[in-house]
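# Notes for the structure review
Now for the letters of each chain:
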Amino acid sequence: MSIRHVFIHGLSGIAQIVFFRKPLAGGIFLCAFLLYSPLLALACLVGAIAANGAAALGKRPQAAIGEGLYGYNGALLGLAFATFLPHDWLLWACIAITAGLSVFLYDLFQRFGIPPYTMPYVALAWIVLAIIRPDLGAASASAFSWTIPLTGLGQIFFLPSAPGGLLILAGLAAACPPRQLVLTFVGAAIGCLPFVWLGEAPSLTAGLISTNAALSALGILQVKTRYPALLSVCFALGSALLYPPLSAMLGTVGLPAFTFPFIATMWVGRALMAFIEKRKRGVEEAVSS
């Protein structure tokens, strides 16, 4: 495989963080990282390429590698470790090792019929942070601002600012249909609303709740449903409501929630949808017989 293909597949992996195989979008995201921190950009690309390399060595389907399905968890691991770990040899060792392991976890979830989403990244990041115990800092609290949804979009890629969110929005515009773009932003905004009247919360003002709400709003749009817009809003709200208890629970052992509220929302929500659909088919069959 040529260096060009390795790079393009890496960009596809970065774009798959938001469910799309669009190297152009991955390139825009990478430019956003470069403006914020060149190290962040390099760590993300190394993670995606390392995961794709492990998938290729394991003889995974070339089409899946090209679509970035094996690379996105590695890209997220690179971003997370560049944010939380010391910038030395340990950083690059953790990225390389966990990116390779993410391929195994991705396949494991697939084998059991469970959508992996970002769970391989979350699980491996938790393990590394639990072992190394770096200083994670704390999400800073500030007055509520309507730029929080933008900050939430930026935080999908560990860019903790509204300008970073604007760049991510530009990448999303290159990747997804306009309706999905609008609903993703609406999801991030709706994710804030339950907390506007509940007092200030650091995780809200840092955009972390909107991050999970936006991912949930966009994630359910990738599933064929009868009422996509309504479900997008419902999943965003569900994720926002799940974030505080899950974050508090994980905080007791010194771990961040990352995108686990999004994953839990998608798993539970899709399981409920499948159950309702099954019951509905059962009723229809009983009536027709």
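See the structure printed just above.
What counts as what
- All residue numbers here refer to positions counted from 1 along the written sequence of the relevant chain.
- For a predicted model such as this one, the threshold for reporting local features is a pLDDT of at least 70, and the threshold for listing and counting side-chain atom pairs is 80 or more; totals across whole chains, interfaces and linings nevertheless cover every residue.
- To obtain the side-chain values, all non-hydrogen atoms of the structure were included, while hydrogens and water were left out.
- Strands are runs of DSSP state E lasting at least two residues, helices are runs of H or I lasting at least four, and both sets are numbered from the N terminus onward.
- Taken over C-alpha atoms, the radius of gyration is set against a globule rule of 2.2 Å times the number of residues to the power 0.38.
- Here the term buried applies to any residue with accessible area under 20% of the maximum for its type, exposed to any over 50%, and partly exposed to those in between, with areas from a 1.4 Å probe on protein chains only.
- Any two residues having at least one pair of non-hydrogen atoms within 4.5 Å are treated as being in contact.
- Each accessible area value is a Shrake-Rupley result obtained with a 1.4 Å probe; residue values ignore everything except the protein chains displayed when judging cover.
- Note that His is not counted, nor are the chain ends; the positive residues are Lys and Arg, and the negative ones are Asp and Glu.
- A charge is said to be at NZ when it belongs to Lys, at CZ for Arg, at CG for Asp and at CD for Glu.
- Residues form patches when they are more than 30% accessible in relative terms and have no salt bridge. Like charges link within 9 Å. Nonpolar side chains (Val, Leu, Ile, Met, Phe, Trp, Tyr) link within 5 Å.
- Salt bridges are defined by distance alone: a side-chain nitrogen of Lys or Arg within 4 Å of a carboxyl oxygen of Asp or Glu.
- Axis geometry follows a simple rule: fit a line to the C-alpha atoms, using only the stretch in contact for helices, then measure angles between N-to-C directions, giving values from 0 to 180 degrees.
- Roughly parallel here means an angle under 35 degrees, roughly antiparallel means over 145, roughly perpendicular means 65 to 115, and every remaining angle is called oblique.
- Ten residue types, Ala, Val, Leu, Ile, Met, Phe, Trp, Tyr, Cys and Pro, are classed as nonpolar, four, Asp, Glu, Lys and Arg, as charged, and the remainder, Gly among them, as polar.

### Some details on the overall build of the protein
Broken down by element type, the protein carries 15 helices and 0 strands. Computed over the C-alpha atoms, the radius of gyration of the protein is 19 Å, within 12% of the 19 Å expected from 2.2 N^0.38 for a compact globule of 289 residues. Scored against the burial criterion, the 289 residues of the protein give a buried share of 49%. Look at the contacts in the protein between residues 6 or more apart in sequence, and 71% of them connect residues 24 or more apart. Surface summary for the protein: the accessible area is close to 13,200 Å², and the carbon and sulfur share equals 71%. The positive charge centre, built from 15 side chains, and the negative charge centre, built from 8, are 9 Å apart in the protein.

### A few points about unusual backbone geometry
Here phenylalanine 19, not a glycine, exhibits a phi torsion of approximately 75°, which is positive. Turning to its location among the elements, phenylalanine 19 is positioned in the loop between α1 (3-15) and α2 (23-36). Notably, phenylalanine 258 is not glycine yet its phi reads approximately 50°, a positive angle. Judged by relative accessible area, which is 12%, phenylalanine 258 ranks as buried.

### Focus on a nonpolar patch on the surface
A cluster of nonpolar residues, Val268, Leu272, Phe275 and Ile276, forms a patch on the protein surface that exposes about 400 Å² of accessible area. Note that isoleucine 276 resides in helix α15 (residues 260-288).

### Focus on the packing of α2 against helix α9 (residues 162-175)
Between α2 and α9, the shortest axis-to-axis distance is 8 Å and the interhelical angle comes to 170°. As the angle between them shows, α2 and α9 are arranged roughly antiparallel. In this structure, α2 contributes Leu24, Ala25, Ile28, Phe29, Ala32 and Leu35 to the contact, and α9 contributes Leu167, Ile168, Ala170, Gly171, Leu172, Ala174 and Ala175. Here the residues of the contact of α2 with α9 are counted per class, giving 12 nonpolar, 1 polar and no charged.

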